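# Observations on the three-dimensional arrangement
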Amino acid sequence: MKYISILCAAALGLSLISSAAMAVEGTLTIVTSYPTDTTGTFKKAFESKYPGLKVEMLKKKTSAGIKYLQETSDNNNSDMFWASAPDAFEVLKDSDLLVKYKSNVSGIPEKVGAFPINDPDGYYLGFAASGYGIMWNTRYLKAKKLLPAKEWADLKKSEYFGHVGMSAPSRSGTTHLTVETLIQGLGWDAGWAEWKAIAGNFKTVTERSFGVPDGVNSGNFGLGVVIDFFGLSSQASGFPVEFVYPTVTTLVPANIALVKNGPNPEAAGAFVDFLLSTQGQELLLDPKIRRLPVNPETYAKAPADFPNPFKDSSIGSAVKFDLALSKNRYNVVNSLFDVMITYRLNDLREATKAIQDAEKALAGQSNAGAKKLITEARALISELPIDEATANDPDFSAIFTKKRKKATDKVAGRQAEVEQKWDEMVKANYAKAKALAEKAKSML
Amino acid sequence: MAQPISSVQRGPATIGIIIALFLILFLALPVLKVIFVAFQDPATGEFTFINFVDFFNTSLFQESFFNSFYVAIMSVLVATLISVPLAYFTTRFNFSGALIIQTLGIIPLIMPPFVGAVAMQLLFGSNGSVNLLLDEWFGFTIPFMEGLNGVIFVESIHYFPFILINLSAALVNIDRSMEEAAQNLGSSGLRLFRRIVFPLAMPGYVAGAALVFIKVFDDLGTPLLLNVNNMLAPQAFLRITSIGISDPMGYVISVILVGFSLLSLYVSLLALKGKDYATTQKGGGGLMKRDLRFWEKIGCYSLVIFILMLVLSPHIGLFLLSFGTIWSYAVLPDAYTFDHYITVFSSASQYITNTLLYAGLAATFDVILGTAIAYVVLRTGIRGRKWLDYGATAALAVPGVVLGIGYLRLFHSVDVPLIDKPLASWWVIIVIALTIRRLPYALRSCMAALQQVSIMLEEAAENVGATKSRTVWRIVVPLMSGGILAGFVTSFATASVELSATIMLVATESDAPLAFGIYEYMQSASGRGPGAALGIIAVLFVGFGTYMSHRIIERSKRAREASVPVTEGATP
């Protein structure tokens, strides 16, 4: 009996393998947000491995890709979704548009930095890692006589006023993770205070995440908060830019998933396995792609200065990232950032400038009254419309997702209403902070 | 109005109904399918206006509304200052190179997505070429691209061709005898222009100005490129495309944008109401052209060249970018190369044929629909005919992404017979989307053109026995040809660089148009040069198309004039 079952299993296994090998043909349609440099390289290599297969790369912005998959799900003809931001995959997972896949490629560890590489539920897999950092334009800094900022805290120094660019967390999933990482690293209040102090130096909040490297490359602003491969690939393309990982950063996996009811699941599985294979991982080292492989052995083939998160423990391990916490307050953090920073950037900048001017005037003097006013002004800027407990409350964050499971479910409050209340307070605070700082300066 | 449709009107009525059905199916239904959430209570899902109450109670939206309005008004003013001299000089005087100027005037409309923005920043940004030079020589900089003024600056040099094209078409259409009559009575110079010429060209100017106003009010690209968020269109876009958030305010703003655009269209129509702009005589056609004196010539040329340099500067920047190696914090690129063109050449041919096919078809449909709607609205008494105009123009205010999602939602489950594919992933859907999105441009030009044609000419044709359809084909359409061409050109040029709806609808790589190719390249640092090269290719193709259509019109006009010398002689 035992032998028979083993035999059966072996036969079954054999038939599975042969059917898998046979079925990798036809067309594989991948919805992706990646640039041609990445998709073209992988398409070519994969097609030459499976000559009977044609890979169709359907390029969509991440948000457009999600909408596309959602709207076409009843008549789906896409096989895979391939993008960076883990939150995009979370949205698809919640919409029941993904199907679980387990790769049989070995040698991939559980975690990179403090972040699990694969979705714990098994719906999407990480194939590369990326971390956030600061990139700067060397010509720009030289002309403005500035030194590069190497830590997040450096970015709030007054000499960088008007020289920093960043995307908004609501626009880019990876930016969201950077914002959340710093908040988790420093604590809710201190983390937000840090972000607002940095944002006071912003030249702009870009609408696309690629707008940041674009602005630094052009010299439109000098320093940018970007994901590593934007900085590294800009450098590889010849732009006068450099990139550094600050101490508090997190490494995030870039992911791939199989779309539910895809027309060619065998080829899709083969593509995941290919991405994770030795050959696929080595392709990531291409200077035009420059992503961190998730297979530690691949780093042996990397150029000398290539960051290795599996060896260099300073990259991405300073903060123990709490995924559940982040997911819980995801939309609240995005909305807070937009209300306090993106949409009120001018007010925030004016207040920051006034405080910086007052501090400059105060330097070398002792004037307790002025000092107190400046401290008050800083506190006004840092003040948050809601505390951490409220932000973490699932009932509160439901206002932003409004996912009513049943038509009878009720959600109290509307996003517009909440945001208007926040906005009122934030705007008044910034104006008051500016007035206090100006008063402090006039006393000196 | 209330009497039954007469037999003469049966034809136009049928056409009107067909167009109405087309607009309902491909504009109203898809948009309603998406924006109904604006009228839904987020908590209970019931029908409500609470979201609109929220809109008016939110100070951010109030500011956004005011900002959008201010920017739109100012852009119309600046665009008028740019286009009136160009239009007047080229149609009024014997001006060598008038054709070139008319062609170059269209180029600003072809601003390729993303690369256009980069080129503008490199030239006019706070550390762009102009400001680097100013800083070096004079120690100050000008914030061309900052805040609302930056938006006005970019919008007016982007959209002034709407006024230029429609105003030129109208000026060419003015009856020469009107001008002569005024001159006989002793009017000349500025007074002649102000009292006779400009008022007669009013339909063209208002058509162009209304387009600029509505387009700027609804425009998304420019504020996003300058990262100005406190305006309505970017607010709608940012809220609709946020990942995972289902905020109805984005759709509420879309509804407000559509409503306000229709209101401003209505106001612009009021401005023309009760006046007759039609002139009957068409033989000689256009204003009298006269030669310029030497000093006048120099003055005119320097003004025209200055304006052209200004409005073409983004494309000069784009040109440099497409040949430059690295261009970063410098007045000019570090070095020059052909590599980017070589890179794109392998992929470009497919993009170009797709773009020419889609934009060409869409613009053709647009002028056909535009002419038909103009005729139904202006020449028949069919009830509700004005709604065809309003409905088609509403497309101007619908964000491309809303239309794209609506099409996916509505047509993805509809399989096209024979090719066995969902309608939403067939390339024809892209043509339909472009047709709908660019119809308002063609429609305004066609309306303006028909307003200048006197109904007496049609009556004359019918009196000598021509049928209604023969009158339309042989009399109305030829007399409208200038306006129809203007409509075709604007629709074609802007359709060729459209991205927001197409990006939702492109279902296979082989169906992708040029704008999509540029988007792909502009996702990576190394793709900036090739993206610019593709942009230049787009500009060249559209520019060439424009030039050729001007040539064709000029030639046919000359042929017509030559064949009817009697008319020419009969108007001393």
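Since the model is a prediction, treat every value here as computed from it, not as a measurement.

Here we come to the overall build of chain B. If you tally the helices and strands in chain B, you get 24 helices and two strands. A compact globule built from 572 residues would reach a C-alpha radius of gyration of about 25 Å, and chain B, at 24 Å, matches this within 12%. With respect to the three principal axes, the spread of C-alpha positions in chain B is 70 × 65 × 50 Å. Every one of the 572 residues in chain B was classed for burial, and the buried ones make up 51%. Contacts in chain B between residues at least 24 apart in sequence constitute 79% of all its contacts with a sequence separation of at least 6.

What follows covers the overall build of chain A. When helices and strands are tallied, chain A shows 18 helices and 13 strands. By the compact-globule yardstick of 22 Å for 444 residues, chain A fits well, its C-alpha radius of gyration being 25 Å. Taken along its principal axes, the extent of the C-alpha atoms in chain A is 90 × 60 × 40 Å. Burial statistics for chain A: of 444 residues in total, 52% are counted as buried. A separation threshold of at least 6 residues defines the contact pool for chain A, and within that pool the share at least 24 residues apart is 79%.

Moving on: the confidence of the model for chain A. Chain-level statistics for chain A give a pLDDT mean of 86 and a share of 92% at 70 or above. Under a pLDDT of 50 for its full length, residues 12-21 of chain A has, in the predicted model, one contact with residues more than four places off or in other chains.

Residues and elements named next belong to chain A. Here chain A is described as being made up of domain 1 (22-130 + 253-301) and domain 2 (133-250 + 324-442). Centre-to-centre, using C-alpha coordinates, domain 1 lies 32 Å away from domain 2. Between domain 1 and domain 2, the residue contacts involve 15 residues of the former and 12 residues of the latter. If you tally residues by element for the side of domain 1 that touches domain 2, the top one is helix α4 (residues 86-94), at four residues.

A separate point is the packing of helix α5 (residues 115-124) of chain B against helix α14 (residues 294-323) of chain B. Residues and elements named next belong to chain B. Two elements in contact, α5 and α14, have axes separated by 8 Å at closest approach and are oriented at 100°. In this view, α5 runs roughly perpendicular relative to α14, as classed from their interaxial angle. In this structure, α5 uses V115, G116, V118, A119, M120, L122 and L123 to contact α14, whose residues at the interface are S313, P314, G317, L318 and L321. Tallied by class, the residues present in the contact of α5 with α14 amount to nine nonpolar, three polar and no charged.

With that settled, the discussion passes to the environment of B:I157. Residues and elements named next belong to chain B. Residue position: I157 is located in helix α7 (residues 147-173). Spatially, the C-alpha atoms of I157 and A460 are 43 Å apart, while their sequence positions differ by 303 residues. Non-local contacts of I157, meaning those with residues more than four positions away in its chain, are made with P108, L310 and V311.

Moving on, we get to the packing of helix α12 (residues 232-241) of chain B against helix α13 (residues 249-272) of chain B. Residue and element names in this part refer to chain B. Where α12 meets α13, the axes come as close as 7 Å, and the angle between the chain directions of the two elements is 145°. The element α12 and its partner α13 pack so that their crossing is left-handed. Residues L232, A233, Q235, A236, R239 and I240 of α12 lie in contact with α13, whose contacting residues are M249, G250, I253, S254, I256 and L257. Across the contact of α12 with α13, the residue classes break down as eight nonpolar, three polar and one charged.

Take the pairing of strand β11 (residues 241-244) of chain A next. Residues and elements named next belong to chain A. Here β11 shows one buried face, formed by V241 and F243, and one open face, formed by E242 and V244. Examined bridge by bridge, strand β7 (residues 124-137) and β11 share four bridges and lie antiparallel to one another. Within β11, the position partnered with W136 by the bridge is E242.

Now for unusual backbone geometry. Phi at A:R290 takes a positive value of approximately 50°, unusual for a residue other than glycine. Mapped onto the secondary structure, A:R290 falls in the loop between α11 (278-283) and β13 (292-293). Take A:R290: there are 27 C-beta atoms within 10 Å of it, and that puts it in the buried class. A positive phi angle, close to 45°, is found at B:Y329, a residue other than glycine. Structurally, the position occupied by B:Y329 is in the loop between α14 and α15 (339-379).

With that settled, the discussion passes to α12(B). Across the 10 residues of α12(B), 10 count as buried, placing the element largely inside the fold. By the burial criterion, the buried members of α12(B) are B:L232, B:A233, B:P234, B:Q235, B:A236, B:F237, B:L238, B:R239, B:I240 and B:T241. Next to the buried residues of α12(B) lie α3 (62-71) of chain A together with α3 (59-92), α10 (202-218), α11 (221-225), α13 and α17 (400-411) of chain B.

Counting buried positions along α3(A) yields nine of 10 residues, so the element is predominantly enclosed. All of the buried residues in α3(A) are A:T62, A:S63, A:A64, A:G65, A:I66, A:K67, A:Y68, A:L69 and A:E71.

Here we take up the environment of A:A129. Residue and element names in this part refer to chain A. Along the chain, A129 turns up in strand β7. Each C-alpha atom, one on A129 and one on Q281, is 11 Å from the other, the two residues being 152 residues apart in sequence. The contacts of A129, once residues within four sequence positions are left out, are V112, L251, V252, P253, L292, V294 and P309.

Let us look at the confidence of the model for chain B. Residues and elements named next belong to chain B. Looking at chain B, the pLDDT average stands at 83 and 93% of residues meet or exceed 70. For residues 564-572, every residue scores under 50 in pLDDT, and the model assigns this stretch nine contacts once sequence neighbours within four places are set aside. Confidence estimates for the predicted assembly give a pTM of 0.84 and an ipTM of 0.81.

What follows is about the pairing of strand β8 (residues 164-167) of chain A. All names here are of chain A. Side-chain alternation along β8 places V164 and M166 on one buried face and G165 and S167 on a second face that is also buried. Looking at chain direction, β8 and strand β9 (residues 202-206) are connected through four bridges and run parallel. Its bridge partner lying in β9, S167 is registered against T206. The pairing of β8 with strand β10 (residues 223-227) spans two bridges and is parallel. Looking across to β10, one finds that V164 is bridged to L223.

Criteria and cut-off values
Residues numbered from 1 in each chain as written. Chains lettered and ligands numbered in written order. Predicted model: local features only at pLDDT ≥ 70, side-chain atom pairs only at ≥ 80, totals over all residues. Helix = DSSP H or I, 4+ residues; strand = E, 2+ residues; numbered from the N terminus. Rg over C-alpha atoms; globule rule 2.2 N^0.38 Å. Buried ≥ 20, exposed ≤ 12 C-beta atoms within 10 Å, placed from the backbone. Contact = placed C-beta atoms within 7 Å. pLDDT = per-residue confidence, 0-100. Domains from an automatic or database assignment. Axes fitted to C-alpha atoms, helices over the stretch in contact; angles between N-to-C directions. Parallel < 35°, antiparallel > 145°, perpendicular 65-115°, else oblique. Nonpolar A, V, L, I, M, F, W, Y, C, P; charged D, E, K, R; others polar. Left-handed = near helix turned anticlockwise from the far one by under 90°. Pairing = 2+ DSSP bridges.

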